[in-house]
Amino acid sequence: MIEQSLNIDVVSCDEEDLVIVTGDLDADTCAQLRETLGGLTNRRLALDLDGLGFLDSSGLSLLLERRRHHDKLGGGVRIVRASQPVQRVLDLTGTSELLITTD
């Protein structure tokens, strides 16, 4: 069995949290990112997903869940960088417009 890993680094500024995620974001690793994001307090969230090699529907659902959460707070979520596999998922599902990519 192949062990999947997810690495998460957080850089907090006054108004925005930058979360750098590397590895695979799927059903097995989603809880780890959900826990990290749940502990953040800024209204705005920036995600660097350039190091993600894989994103499945569980991971995409989590990203959209966080978008709704931050929208309710009057902030927002943006993807500052996305790997090619992640960008492909966002484009194919039509969610790239919901999760603004500023690469």
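Before any of the text, the structure's been laid out above.
A.B. asks: Break down the overall build of the chain for me, citing the residues and quoting the values.
C.D. replies: Regarding its fold elements, the chain presents three helices and five strands. N-terminal to C-terminal, the α/β element order of the chain is β-β-α-β-α-β-α-β. What you see for the chain is a C-alpha radius of gyration of 13 Å, in line with the 13 Å of a compact globule of 103 residues. Referenced to the eigenvectors of the C-alpha coordinate spread, the extents of the chain come out at roughly 40 × 25 × 20 Å. Each of the 103 residues in the chain was classed as buried or not, and the buried ones make up 38%. When contacts within the chain are restricted to residue pairs at least 6 apart in sequence, those whose partners lie at least 24 apart make up 67%.

A.B. asks: Any chance you could break down the pattern of salt bridges for me, citing the residues and the numbers?
C.D. replies: Tallied over the entire structure, the rule returns six salt bridges. In this structure, the salt-bridge partner of R78 is E16, at a minimum N-O distance of 3.0 Å. Here E16 lies in strand β2 (residues 16–25) and R78 lies in strand β4 (residues 76–82), a separation of 62 residues in the sequence. Measuring nitrogen to oxygen at the nearest pair gives 3.1 Å for the salt bridge that ties R81 to D48.

A.B. asks: So, the pairing of β4: which residues are in play, and what are the values?
C.D. replies: Most of β4 is tucked away, with five of its seven residues classed as buried. In the sheet, strand β3 (residues 44–55) pairs with β4 via six bridges, with the strands oriented parallel. Bridged to R44 within β4 is G76. Traced from β3 through helix α2 (residues 57–72) to β4, the parallel crossover comes out right-handed.

A.B. asks: Which residues make up the nonpolar core, and what are the values?
C.D. replies: In terms of nonpolar packing, the biggest core is built from 24 residues, with V19, L33, L47 and L49 touching the most fellow members. Broken down by secondary-structure element, the contributors of at least two residues to this core are β1 (6–12), β2, α1 (30–38), β3, α2, β4 and α3 (84–93). Counting residues per element, this core draws most heavily on β3, which supplies five residues.

A.B. asks: Please give an account of the environment of L6 that cites residues and values.
C.D. replies: Inspection of the secondary structure assignment puts L6 in strand β1. Taking the C-alpha atoms as reference points, L6 and V21, 15 residues apart in sequence, are found 7.1 Å from one another.

Reading the values: rules and limits
- Residues numbered from 1 in each chain as written.
- Predicted model: local features only at pLDDT ≥ 70, side-chain atom pairs only at ≥ 80, totals over all residues.
- Heavy atoms only, no water.
- Helix = DSSP H or I, 4+ residues; strand = E, 2+ residues; numbered from the N terminus.
- Rg over C-alpha atoms; globule rule 2.2 N^0.38 Å.
- Buried < 20%, exposed > 50% of the residue type's maximum accessible area, 1.4 Å probe, protein only.
- Contact = heavy atoms within 4.5 Å.
- Salt bridge = Lys/Arg side-chain N within 4 Å of Asp/Glu carboxyl O.
- Pairing = 2+ DSSP bridges.
- Right-handed = clockwise from strand over helix to strand, strands pointing away.
- Core = buried A, V, L, I, M, F, W, Y, C linked by side-chain atoms within 4.5 Å.

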